[in-house]
Amino acid sequence: MDIGIDLGTANTLLYVRGQGIVLNEPSVVAVKEGARTALAVGTEAKETIGRTPGSITAIRPLRDGVISDYEAAEEMIRHFVRKAVPGRRPRTRMVVCVPSGVTPVERRAIVHAAQRAGARAVHLVEEPMAAAIGAGLPVAEPRGSMVVDIGGGTTEVAVISLGGIVTAQSLRVGGDRLDEAITNFVRKEHGLLIGERTAEDIKVAIGSAWPVPGDEALESRTFTVRGREKVRGLPKTVELTVPEVRAALDEPVEAVIAAVRTTLEECPPELSGDVMEHGIVLTGGGALLPALDLRMASATGIPVFVADDPLDSVAMGCGKCVEDFDGLERVMSAA
């Protein structure tokens, strides 16, 4: 049995050969302290974040796109594989997506975790390549294709041609950093302490990278935030506006755009011309931030498009590698 895994900081997606994407759950494990026993994994575990007693800890096994808690990651992968493919099954071949900037040590950690979870063979594919394949870009042609994959922990920027990555940037800025920026802004400007789930709700509800032309209704929206007052420790409620949240997100958004500029500067002139003609494709959850494509296009002078299914692009690209193991060598790094 062959499985593709988009092992993300925020969510993990599993693709089973011949079946497509069969699982999409948060990358969270709830464990009991001392025993390190997994009490819940995935969606059930995410519900416990910020609400657990002292004896239970909600762990995110991946940070910035790489494994930060080896045991929890192994348990999470094993649980998801069992859930996606119940019953008895032969030892599987796995294709796992990894950030382009991971170190050899981080690569080995991912391989070992997958092997201990039941894989007999593990292949690693760099996320920007998988994202480009999943977005339908002609990666095998002698033409420059540029993809910007904004995940939960990392942003992968790459120019691809003839089945390989020509130039790339791996930036440890993603959806988590956007949430953190909102948390810090609310604490500094309003003296209110909020959790990561509340910050994510704010981002989804009224977050944007740029004013949306002609959408005055969006600009006038507000979001009621409830949290704990920083000084007195009492419950407090504030109203956040769209311009406030946009200002909070400005620094991480600008960091992503700076990485795009750097990649373009390092790109060979012929491929730069291809990118100018065909544009930049955004994938990942961060691509859903309203007006990010408009801001990036304004900053680079290049058309920017959001992939048809940005959340699943990496998993679908990984799945295409799973469906065609004979052609996998063109886009993989041997484990």
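For the structure, see preceding data.
Throughout what follows, the structure given in this document is the object of discussion. Since the structure is predicted, the reported quantities are computational estimates derived from the model, not experimental observations.

Right, let's get into the overall build of the chain. For the chain, the helix and strand inventory stands at eleven helices and 19 strands. Taken over the C-alpha trace, the chain has a radius of gyration of 20 Å; the compact-globule value for 335 residues is 20 Å, and the two agree within 12%. Along the longest, intermediate and shortest principal axes, the C-alpha atoms of the chain span 60 × 55 × 30 Å. Relative to its full complement of 335 residues, the chain shows a buried share of 51%. Pairs at least 24 residues apart make up 63% of the contacts formed inside the chain by residues separated by at least 6 positions. Put simply, the chain shows about 14800 Å² of open surface, and 50% of that area lies on carbon and sulfur atoms. Here the chain holds 36 positive side-chain charges and 46 negative ones, and the gap between their average locations is 8 Å.

Scanning the entire structure with this criterion turns up one cavity of 30 Å³ or more. Roughly 80 Å³ of internal volume is contained in the largest cavity. Tallying contributions element by element places helix α8 (residues 242-266) first for the lining of the largest cavity, with three residues. For the lining of the largest cavity, the per-class residue count stands at eight nonpolar, three polar and no charged.

What follows deals with the environment of Thr167. Turning to its location among the elements, Thr167 is positioned in strand β13 (residues 164-171). For Thr167, a relative accessible area of 8% puts it in the buried group. In sequence terms Thr167 and Leu264 are 97 residues apart; their C-alpha atoms lie 8.5 Å from each other. A polar atom in the side chain of Thr167 sits 3.2 Å from the side chain of Glu266.

Quick look at the packing of helix α2 (residues 70-84) against helix α3 (residues 104-116) now. Closest axis-to-axis distance for the α2/α3 pair is 8 Å, and the angle between their directions is 45°. When the axes of α2 and α3 are compared, the pair comes out oblique. As for how α2 packs across α3, the hand of that crossing is right-handed. For the pair formed by α2 and α3, the contact residues are Tyr70, Glu74, Ile77 and Arg78 on the first element and Ala109, His112, Ala113, Ala114 and Arg116 on the second. Residue composition of the contact of α2 with α3, grouped by class: five nonpolar, one polar and three charged.

Glancing now at the sheet that holds strand β5 (residues 37-41). Strand order in the open sheet formed by three strands is β5-β4-β6, and the pairing between neighbours is antiparallel. Edge positions in the open sheet fall to β5 and β6 (56-59), since each of these has one partner strand only. Across this sheet, the average inter-strand angle for adjacent strands is 30°, counted without regard to direction. Together, β4 (29-32), β5 and β6 form the strand contacts of α2, whose direction differs from that of β5 by roughly 50°.

A few words on the environment of Lys32. Here Lys32 is to be found in strand β4. Taking the C-alpha atoms as reference points, Lys32 and Gly65, separated by 33 residues in sequence, lie 24 Å from one another. In contact with Lys32, other than residues within four places in its own chain, are Thr37, Leu39 and Ser55.

Next up on the list: the nonpolar core. Soluble globular proteins tend to bury their nonpolar side chains together. In this structure, Met146, Val148, Ile202, Val253, Val260, Ile280 and Met296 are the most contacted members of the largest nonpolar core, which totals 38 residues. In terms of residue count, the dominant contributor to this core is α8 (nine residues). Not counting residues within four places of it along the chain, the set of residues in contact with Met146 comprises Leu137, Val157, Ala158, Val159, Val260, Thr263, Leu264, Val275, Gly279, Ile280 and Val281. One finds Ala72, Ala84, Val85 and Val102 within the second-largest nonpolar core, a separate group that totals 33 residues.

Conventions used here
- Residues numbered from 1 in each chain as written.
- Predicted model: local features only at pLDDT ≥ 70, side-chain atom pairs only at ≥ 80, totals over all residues.
- Heavy atoms only, no water.
- Helix = DSSP H or I, 4+ residues; strand = E, 2+ residues; numbered from the N terminus.
- Rg over C-alpha atoms; globule rule 2.2 N^0.38 Å.
- Buried < 20%, exposed > 50% of the residue type's maximum accessible area, 1.4 Å probe, protein only.
- Contact = heavy atoms within 4.5 Å.
- Areas by Shrake-Rupley, 256 points an atom, 1.4 Å probe, with all protein chains shown as cover.
- Lys, Arg positive; Asp, Glu negative; His and termini not counted.
- Charge placed at Lys NZ, Arg CZ, Asp CG, Glu CD.
- 1 Å grid on protein atoms, 1.4 Å probe; cavity = no way out; pocket = protein on both sides within 12 Å on 5 of 7 lines; lining within 4 Å.
- Points joined across faces, edges and corners; volume = space filled by probe spheres on them.
- Nonpolar A, V, L, I, M, F, W, Y, C, P; charged D, E, K, R; others polar.
- Polar contact = N/O pair within 3.5 Å; in protein donor to acceptor, adjacent residues only side chain to side chain.
- Axes fitted to C-alpha atoms, helices over the stretch in contact; angles between N-to-C directions.
- Parallel < 35°, antiparallel > 145°, perpendicular 65-115°, else oblique.
- Left-handed = near helix turned anticlockwise from the far one by under 90°.
- Pairing = 2+ DSSP bridges.
- Core = buried A, V, L, I, M, F, W, Y, C linked by side-chain atoms within 4.5 Å.

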